[in-house]
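Here are the chains, one letter per residue:
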Amino acid sequence: MFMPLGRRELGGNQLLARRAVAGAIKHFKFDGMINIVGRYVFCFPEEARLRTPTAGECTMQLMDGMRRWSCVLPVLFIFSLLTESSAGDETERGRLLAQDAARGATAEQRATLAGVIPADRITTWNPGLNAVGGIPDRTTIFQTLSPRGETLDDTAAIQRALDTCPHDQVIKLAPGTFNINGEGLHFRKSDCTLRGSGTGELGSGKGGTRLIKADRDTNRSFAVIYVGHNPSQFSSSVDLAADAIKGSYSLTLRSNPGIAVGEIVLLDQVTDNDPRVWWGPQHEPPGGGSRRWFSRQDRSLAQMLEVTAVNGNTVTFSTPFHITFKAEYGAQLSRYANPILRRLGIEDLYVYGGMGGDGHGNVSVNLCAYCWVRNIEAHWSGGTSVGFYGTFRSVLRDSYIHETPDPNPGGAGYLVGLNWGASDNLVENNAIWGGNKDIVVRASGGGNVIAYNYMDDAYGATYPSMPEAGLNAGHYTTPHMELLEGNYSHNYKGDSFWGNSIYITVFRNHLSGLRAAHPPLDTYKFNVYPYMDLQGRTAVDVQAHSDYTNFVGNVLGFEGQSLLSYKKNGYSYAQNTWTYERLDGFPRNGEVTMWSIGSLQAGGWTWVPTTYQTQLRDGNWDWVTRSQKWYGVGGEDGSAAPEAIPDSLYLATKPPFFGANPWPWVNPSNGSTSILPAMACLQRGKMPTCMMQ
């Protein structure tokens, strides 16, 4: 359970914490502990403790560069309301941010207490800047810049401002078109916000602040905006003396090279022989170049961590280990060679035409902690449009990311990405539309939350009659312990082409099984093939080796769905039947299925019929059987008892961007759905915050 504390209740001593507890309304007897970190109170039953601190212990911890008290107090009750409300605190800040109003109770508490998901299959999801008070609303303007006009270059003027921006200040860009050339713009120092004057008209940025890659026809090598430094370079690595156990916060090293409190580090292990990990035949053998694309060599299981305490060779962190890292597989803690930037923001602007391929695109955020991209429109990029590479507790929210000149596999046509051990990030309330893959998650570090986004119309330029990946958490081994909650997508893809994903939770999403075909895609063709969901149409496609996925409370398909057919210009295809699931082989010609579990794409299409045995499927509604089904892990329908499904696995209350609309918006008990703001706003030609109250 979780409750926010009012600002005047903050303090650095045990007495103040006891007063907060004493002021609570008691609901029922509870033997356990309360953990007070900063402004938040967490209650844990004794059996769910992740560590056992001394009763009444309060320690000072460094979190996001600020010293914060962490107190653990024994209690005999649980509470749901403090006498002093936190509403005044939000009023003081003057601007209610979406993630600030609905802080994260732990997934273990919400899901396990409800009996839905076993604790060993989930982690604590408290993503982004939630743990440190939310995105700061900076008000001090360092410089206001206006475009030079016509074809004149604006790169140097903005870059000078970025290089000299004082701590906690804003570079304000006036309305108009800023021409960005050469190697793009680079954030190289922390604590600065680049803020435009609004995104302007949807689709063009007209009337707002526009950052355009002006030399894209002659210079195809660079993005528009870069944040930070190369995440693939490390100064030192030290072996663990013992396993780092899932759910714990501390590990022991064989030796300490001088790791300091506040440092961001990488924990990883060799995965060539780990039975949890499957690289697949597309990769080179161990030691090969493909095995270091998004991880250290052969070490795809990774997590970024922030150091809060050091005692000899024992190091403690601000977040728990999302999965167990094993000493027998060479688990190591590594220090980055390049500086980690912090608290950088990009806000309220339109970005167009970034190039450079994978790792570049429109906005490339690298080695950044507590950073954010908010309320931007990112349009028409050759490279992941908004990519996070080695980011920790950072945020992409309230944005519209769409379209690419290269909607093909290979990275240039991807729209959003979490890569290189990126951990505990939040991707929330975005409209993501019209790429080859709407999102990719590659060798990520766990604890990431992808929530309440609208994802649609993923396609391949040469195969428009076959849907590409919408909602997913894959495309390079081994994303793990990620939460996908409350999204709309035409499908969920458990992709294993470049290796598997493990322990992914897919919770209360609407997976329609049909792309929208928004213009201009409704008239798109490649040779004789139209843009229609004719072949490969399914709501959920889990490929082989993508093990231990949790599907809970989703709605598959939609009421009134119909089969499709096409016959024109020498090409014809007709869908002829609905099927609930395919677990033992590929769907037959003309068949449309809600669940497809077991296909193996890598090395040629085959089928692994045991794939379903590790999948948890509970409380999902589908519009083929028009029912809600409960399987447990790998069981048959009815083999698990119905359970209460929590509203959320990371939010305590309805987020403000829902406005007056119902939340949760997905009801798996009867298959109904209400309004998803990011989707509804886009349909009205507005940004995803159009319903914010």
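Residues numbered from 1 in each chain as written. Predicted model: local features only at pLDDT ≥ 70, side-chain atom pairs only at ≥ 80, totals over all residues. Heavy atoms only, no water.

Participant: Tell me what's going on with the overall build of the protein, and back it up with residues and numbers.
Facilitator: A tally of helices and strands in the protein yields 5 helices and 51 strands. Counting every position in the protein, which comprises 693 residues, the buried fraction comes to 62%. Within the protein, contacts between residues separated by at least 24 positions form 71% of all contacts whose residues are at least 6 apart in sequence. Summed over all atoms, the accessible surface of the protein reaches about 23,800 Å², with 51% contributed by carbon and sulfur. (Helix = DSSP H or I, 4+ residues; strand = E, 2+ residues; numbered from the N terminus. Buried < 20%, exposed > 50% of the residue type's maximum accessible area, 1.4 Å probe, protein only. Contact = heavy atoms within 4.5 Å. Areas by Shrake-Rupley, 256 points an atom, 1.4 Å probe, with all protein chains shown as cover.)

Participant: Explain the sheet that holds strand S16 (residues 301-311) to me, using residue names and the numbers behind them.
Facilitator: Strand order in the open sheet made by the 6 strands is S13-S18-S15-S16-S17-S14, with antiparallel pairing throughout. For this open sheet the edge positions go to strand S13 (234-239) and strand S14 (250-252), each flanked by a neighbour on one side alone. Sheet twist, expressed as the mean angle between neighbouring strand axes with direction ignored, is 40°. The sheet contact formed by S14 and strand S17 (residues 314-317) spans 3 bridges and is antiparallel. From the neighbouring strand, serine 250 faces S17, where its bridge partner is threonine 316. (Pairing = 2+ DSSP bridges. Axes fitted to C-alpha atoms, helices over the stretch in contact; angles between N-to-C directions.)

Participant: Any chance you could break down helix H4 (residues 155-164) for me, citing the residues and the numbers?
Facilitator: What H4 keeps buried is the set Thr155, Ile158, Gln159, Ala161 and Leu162. For H4, the buried positions fall inside an angular range of 160° around the axis, keeping them on one side. Of the surrounding elements, those touching the buried residues of H4 are strand S6 (141-145), strand S7 (169-173), strand S8 (176-180), strand S9 (185-187) and strand S10 (192-195). (Arc of directions from axis to C-beta.)

Participant: Help me get a handle on the side chain of serine 496, residues and values and all.
Facilitator: Considering the arrangement of structural elements, one finds serine 496 in the loop between strand S35 (492-494) and strand S36 (505-507). On the basis of relative accessible area, serine 496 is assigned to the buried category, the value being 0%. From its side chain, serine 496 meets the backbone oxygen of alanine 544 in a polar contact 3.1 Å long. (Polar contact = N/O pair within 3.5 Å; in protein donor to acceptor, adjacent residues only side chain to side chain.)

Participant: Talk me through the nonpolar core; I want residue IDs and the actual numbers.
Facilitator: Grouped together as the largest cluster of nonpolar side chains are 62 residues, with contacts concentrated most on Tyr336, Tyr452, Tyr454, Tyr650 and Leu676. Of all the secondary structure elements, the ones that give two or more residues to this core are strand S15 (264-269), S16, strand S21 (363-369), strand S28 (431-433), strand S30 (449-451), strand S48 (616-622) and helix H5 (677-683). By size, the runner-up hydrophobic cluster in this structure holds 61 residues, among which are Val373, Ile439, Ala473 and Val540. (Core = buried A, V, L, I, M, F, W, Y, C linked by side-chain atoms within 4.5 Å.)

Participant: With reference to specific residues and values, describe the pattern of salt bridges.
Facilitator: Two side chains that carry opposite charge are able to pair once their charged atoms sit near each other. Within this structure, the stated rule accounts for 25 salt bridges. Of the charged contacts, one joins glutamate 347 and arginine 195 as a salt bridge, the two residues approaching to 2.8 Å between their closest N and O atoms. Taken together, the positions of glutamate 347 in strand S20 (residues 345-352) and arginine 195 in strand S10 put the pair 152 residues apart, joining distant regions of the chain. There is no split in this pair, since glutamate 347 and arginine 195 are both buried. In this structure, the salt-bridge partner of arginine 442 is aspartate 358, at a minimum N-O distance of 2.8 Å. Taken together, the residues span a long stretch of sequence, with arginine 442 in strand S29 (residues 437-442) and aspartate 358 in the loop between S20 and S21 at a distance of 84 residues. (Salt bridge = Lys/Arg side-chain N within 4 Å of Asp/Glu carboxyl O.)

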